[in-house]
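Coordinate analysis (summary)
The lines below spell out each chain.
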Amino acid sequence: MSDRIFGVFGMILAVGYFFAALAIEESFLSDAVGPKAFPLIIAAILALSGAVIALRPDPEPHWPALGRLAEVAAAVVVLILYAEMLPVAGFVIATAFAAAYLAWRLGSGPLETVAVGAGTSIGIYVTFHLTLGLSLAKGPLGF
Amino acid sequence: MELLANLGDGFAIALSWQNIGLALLGCFLGTIMGALPGLGPSNGVAILIPLAFTLGLGATPSLILLTSVYYGAMYGGRISSILLNIPGDEPAMMTCLDGHPMAKKGLAGEALSLSGIASFVGAFLATWGLILLAPQLVKIALLFGPAEYFALFALAFMTLGGVSSTNQAKSAFAAALGLGLATIGVDTQTGVPRFTFGEVHLYDGLDFLVAIVGLFALSEVFIFLETRHGGSDAAGRKLTIGKLYPPVSMIRQTTPTMLRTSVLGFIAGVLPGAGASLGSFISYSMEKKLVDKNGTFGTGDPRGVAAPEAGNNAAAGGALVPMLALGVPGSGTTAVLLAVLLALNITPGPLLFSQNPDVVWGLIAALFIANFMLLAMNIPMVGLFTRVLMIPSRILMPIVAMVSFVGIYGISGSTFDLLVMIGFGVMGWVLRKLDVPLVPIILGTLLGNSMENNLRRAVTIDNGNWWTLIDSPLSIALWAIAIIGFVLPLIVGARVKAKMHQRRDEEGAISD
């Protein structure tokens, strides 16, 4: 069933891509092929392979239980928050929280969670910023 | 003689303090990444690229660092295969078959050092193969026009689909997806924006480094979260190594095996679409057919340890040949290495050898040096790396995730790129669940633009005649190989592939 849904999704993607390709504005100075032809070929391959996947599906993959799915979704949300907060809170603070969250969710105890969070964040800051001079996000506190 | 002079120049470049230091660092990190299940050559290299890039390393030093990681991972993978029966990365899966039984018999030290020697022999011979074969391939590639290049790219995608996945339709889908992603941004020939939907960030196109790190590194973190695999595979087991040096008779017994499988692995590596996993797989299968008279393979036969290790290291060297000489990588990790070159504005292919001989020969010399370093690290110092196996992934994975973010943020300093990377991470996770190979996606985003440009150049030169694509014998030959490479696995490949992927890393490390 997963493969059938995936295949249909592939075909919908192909159709969307096809119309977006048709909507490309041609410049008056164009080569013989133009900017549309290659995307149209790709849309065809995308649609064809999507159709084959939908018609001849593989055995069902092993999907995690709803709880594990929520786990991944929560991690995505945390990482998005991390990306957004990085310029606001500064590298060290944001990274400490994100790393600690991941360690916690992978099963670290409270002490280890704090240690991984602080260790990762400060370790990266010292190695990459102080030693190697990579510029990281600066927060209000300057780090 | 010209070859030796070139090699001499290469050594002059590689023997600077910086380059030796980078090779040493690369070998060390590579062995660790190879040894840890979940981190393999392709995602290991992927995490390090943005860093090499933001640190302002030049082309030669970056390549030395990253190919040392690649070679190192090929060595490191065997450690957990032998000690834990869990392949450290996919190319090392065949080493489990005889390596772990040897360890159970109390011969872990012998198995480790023997496989270290086999890795050395494989990599050493393959580096010579690279030196001898790449310039010949360059001579052929100089005959290529745009139409032939277009055919060559098609060949790369079609043969990659034949080997990397059990489902051709999914590989084709992945390739088309990658090529489609590459078309996002301003069209290089006419200057019109395509698929940007008014988003200014997309005018430059998607940065393929962002795609690579997201697909390879971040998706791994999600897989670990999903399975809540937080512990260490080595936890609760005693890793005893025992006597480290194998008896001379064992080395003598396995020498013919090493030499044969090095050649075989190298050839497997050079072939488009095949990487180190296939190299170790066919090496083991061939040796089993050839010398296993008493049925000892699978029960801890030293030849069964030497064969896949010589094979996968030789294949790693072989896979560099098409990447450097043609600019078309045949495996996951070489695709990632191609990204390094492209990010540094160096176009691999025949012109690389004439315009940047320092890069090519410096890299080759560095590979020789790295190989000796790896031998030293992997035999006398192997105990150090077995301790790395004790690190639980609940500590490792947050570090992997954060280093990925640092690398990408270091390149652009933009939150938008980080969000795109998270998007690719989620996409990678879903696609891996559905058994869609990721390598064709990466290859598509890397080669998409030059594939399209070659197509348009070829047709434009011939005044809009599309038949020009199959006009020369060379391009007809390339198309023929491409079609055979795509169709043949449909007929005979299913059985072989099913066997090859049977022992796949349970965390689903990326095929290489």
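Please read all numbers here as calculations on a predicted model, not as lab measurements.

**With respect to the packing of aromatic side chains**
Considering all chains together, one arrives at 17 aromatic pairs over all chains under this definition. Pairing Y101 of chain A with W104 of chain A gives two aromatic rings, centres 6.0 Å apart and planes at 70°, and the pair type is edge-to-face. Note that Y101 of chain A and W104 of chain A are positioned in helix α4 (residues 91–105) at a spacing of 3 residues, about one turn of the helix. Owing to a relative accessible area of 45%, W104 of chain A belongs among the partly exposed residues under this scheme. Ring geometry for F150 of chain B versus W479 of chain B: centroids 6.0 Å apart, planes at 55°, classification tilted. Separated by 329 residues along the polypeptide, F150 of chain B in helix α6 (residues 146–164) and W479 of chain B in helix α19 (residues 473–502) bring together distant segments of the chain. The class for F150 of chain B is buried, based on a relative accessible area of 8%. What links up through ring pairs into an aromatic cluster is the set F11, F120, F124, W128, F368 and F372 of chain B. When the ring centre of W104 of chain A is taken as reference, the NZ or CZ atom of R105 of chain A above it lies at 4.5 Å.

**Section: unusual backbone geometry**
Positive phi is not limited to glycine here, since D435 of chain B has a value of about 65°. Within the secondary structure layout, D435 of chain B lies in the loop between α17 (415–433) and α18 (439–461).

**Overview of the nonpolar core**
It is characteristic of soluble globular proteins that their nonpolar side chains tend to be buried jointly. F91 of chain A together with F216, F222 and M402 of chain B are the most contacted members of the largest nonpolar core, which totals 203 residues. Sorting elements by how many residues they give to this core places helix α5 (residues 93–141) of chain B first, with 16 residues. Counting only domains with at least three residues in this core, you end up with domain 1 (2–55) and domain 2 (66–131) of chain A. The next biggest cluster of nonpolar side chains, apart from the first, holds 6 residues, and it includes M94, Y284, V291 and F297 of chain B.

**Quick notes on the packing of helix α2 (residues 17–35) of chain B against helix α14 (residues 357–378) of chain B**
All names here are of chain B. Remark: α2 packs on α14, axes separated minimally by 10 Å, with the N-to-C direction vectors making an angle of 45°. One way to sum up the angle between α2 and α14 is to call them oblique. With respect to the hand of their crossing, α2 and α14 are arranged in right-handed fashion. Mapping the contact onto sequence places I20, A23, L24, C27, F28 and T31 in α2 and A370, M373, L374, M377 and N378 in α14. Looking at the contact of α2 with α14 residue by residue, the classes come out as 9 nonpolar, 2 polar and no charged.

**Observations regarding the interface of chain B and chain A**
On the chain A side, the residues contacting the 63 residues of chain B number 69 residues. Of all residues in chain B, F173, L225 and M402 of chain B bury the most surface against chain A, accounting for 13% of the area lost on that side. At the boundary of chain B and chain A, one finds 3 salt bridges. Measuring nitrogen to oxygen at the nearest pair gives 2.9 Å for the salt bridge that ties K170 of chain B to D58 of chain A. Those elements giving two or more residues to the side of chain B that touches chain A turn out to be α3 (41–54), α7 (168–182), β2 (193–194), α8 (208–227), α16 (393–412), α17 and α18 of chain B. With 13 residues, α16 of chain B is the single largest residue contributor to the side of chain B that touches chain A. Among the residues making up the side of chain B that touches chain A, the classes are represented as 40 nonpolar, 14 polar and 9 charged.

**Some details on helix α3 (residues 66–89) of chain A**
With 24 residues, α3 of chain A ought to run about 34 Å at 1.5 Å a step, and its terminal C-alpha atoms sit 32 Å apart, in line with that. Bending of α3 of chain A peaks at approximately 30° at the position of A83 of chain A, with proline P87 of chain A no more than four residues after it. Among the residues of α3 of chain A, those classed as buried are E71, V72, A75, V76, L79, Y82, A83, L86 and A89 of chain A. Elements in contact with the buried residues of α3 of chain A: α4 of chain A together with α8, α16 and α17 of chain B. One or two positions beyond α3 of chain A, positive phi appears at G90 of chain A, with a value near 95°.

**Here's the deal with α4 of chain A**
Between its first and last C-alpha, α4 of chain A extends 21 Å over 15 residues, near the 21 Å set by a 1.5 Å rise per residue. All buried positions along α4 of chain A are accounted for by F91, V92, A94, T95, A98, A99, A100, Y101, L102, A103 and R105 of chain A. Where α4 of chain A is buried, its residues meet α3 and α5 (110–131) of chain A together with α8 and α16 of chain B. Positive phi shows up at G107 of chain A, right after α4 of chain A, with a value of about 105°.

**A word on the packing of α3 of chain B against α8 of chain B**
All names here are of chain B. At a minimum axis separation of 9 Å, α3 and α8 run at an interaxial angle of 135°. One way to sum up the angle between α3 and α8 is to call them oblique. Every pair of crossing elements has a handedness; the one defined by α3 and α8 is left-handed. Residues S42, N43, A46, I47, I49, P50 and F53 of α3 lie in contact with α8, whose contacting residues are L209, I212, V213, F216, A217 and E220. A per-class count over the contact of α3 with α8 returns 10 nonpolar, 2 polar and 1 charged.

Thresholds, definitions, all that
For every chain, the first residue of the written sequence is number 1, and numbering continues from 1 along that sequence. Written order decides the labels, with chains lettered from A and ligands numbered from 1. Owing to the predicted nature of the model, reporting of local features is limited to residues with pLDDT of at least 70; listing and counting of side-chain atom pairs is limited to 80 or more, with chain, interface and lining totals taken over all residues. As a convention, hydrogens and water are excluded, and side-chain values are obtained from all of the structure's heavy atoms. Two aromatic rings, drawn from Phe, Tyr or Trp (for Trp, its six-membered ring), form a pair once their centres lie within 6.5 Å of each other, and the interplanar angle then sorts them: stacked below 30 degrees, edge-to-face above 60, tilted otherwise. For helices the rule is a DSSP run of H or I covering at least 4 residues; for strands it is a run of E covering at least 2, with both sets numbered from the N terminus onward. Categorising residues by exposure relies on relative accessible area from a 1.4 Å probe, with only protein chains included: less than 20% of the type maximum marks a residue as buried, more than 50% marks it as exposed, and the intermediate range marks it as partly exposed. Sitting over a ring, as applied to charges here, requires NZ of Lys or CZ of Arg to be within 6 Å of the ring centre and within 35 degrees of the ring normal. Among the buried residues, those of types Ala, Val, Leu, Ile, Met, Phe, Trp, Tyr and Cys that are joined through side-chain atoms within 4.5 Å form a nonpolar core. Per the annotation, domain bounds derive from an automatic or database assignment of domains. Only the contacting stretch of a helix is used when fitting its axis, a line to C-alpha atoms as for every element, and angles between N-to-C directions run 0 to 180 degrees. An angle below 35 degrees is treated as roughly parallel, one above 145 as roughly antiparallel, one from 65 to 115 as roughly perpendicular, and anything else as oblique. By the definition used in this description, the sense in which the near helix is turned from the far one sets the handedness, with an anticlockwise turn below a right angle giving left-handed and a clockwise turn giving right-handed. Every residue pair with non-hydrogen atoms within 4.5 Å of one another is taken to be in contact. We call Asp, Glu, Lys and Arg charged. Ala, Val, Leu, Ile, Met, Phe, Trp, Tyr, Cys and Pro are nonpolar, and the rest, Gly among them, are polar. Buried area: the accessible surface (1.4 Å probe) lost by two parts on joining, summed over both. A carboxyl oxygen of Asp or Glu within 4 Å of a side-chain nitrogen of Lys or Arg is what we treat as a salt bridge. The span one expects for a helix is its residue count, reduced by one, times 1.5 Å. Axes are fitted to the seven residues ending at a residue and to the seven starting at it; the angle between these axes is taken as the bend at that residue.

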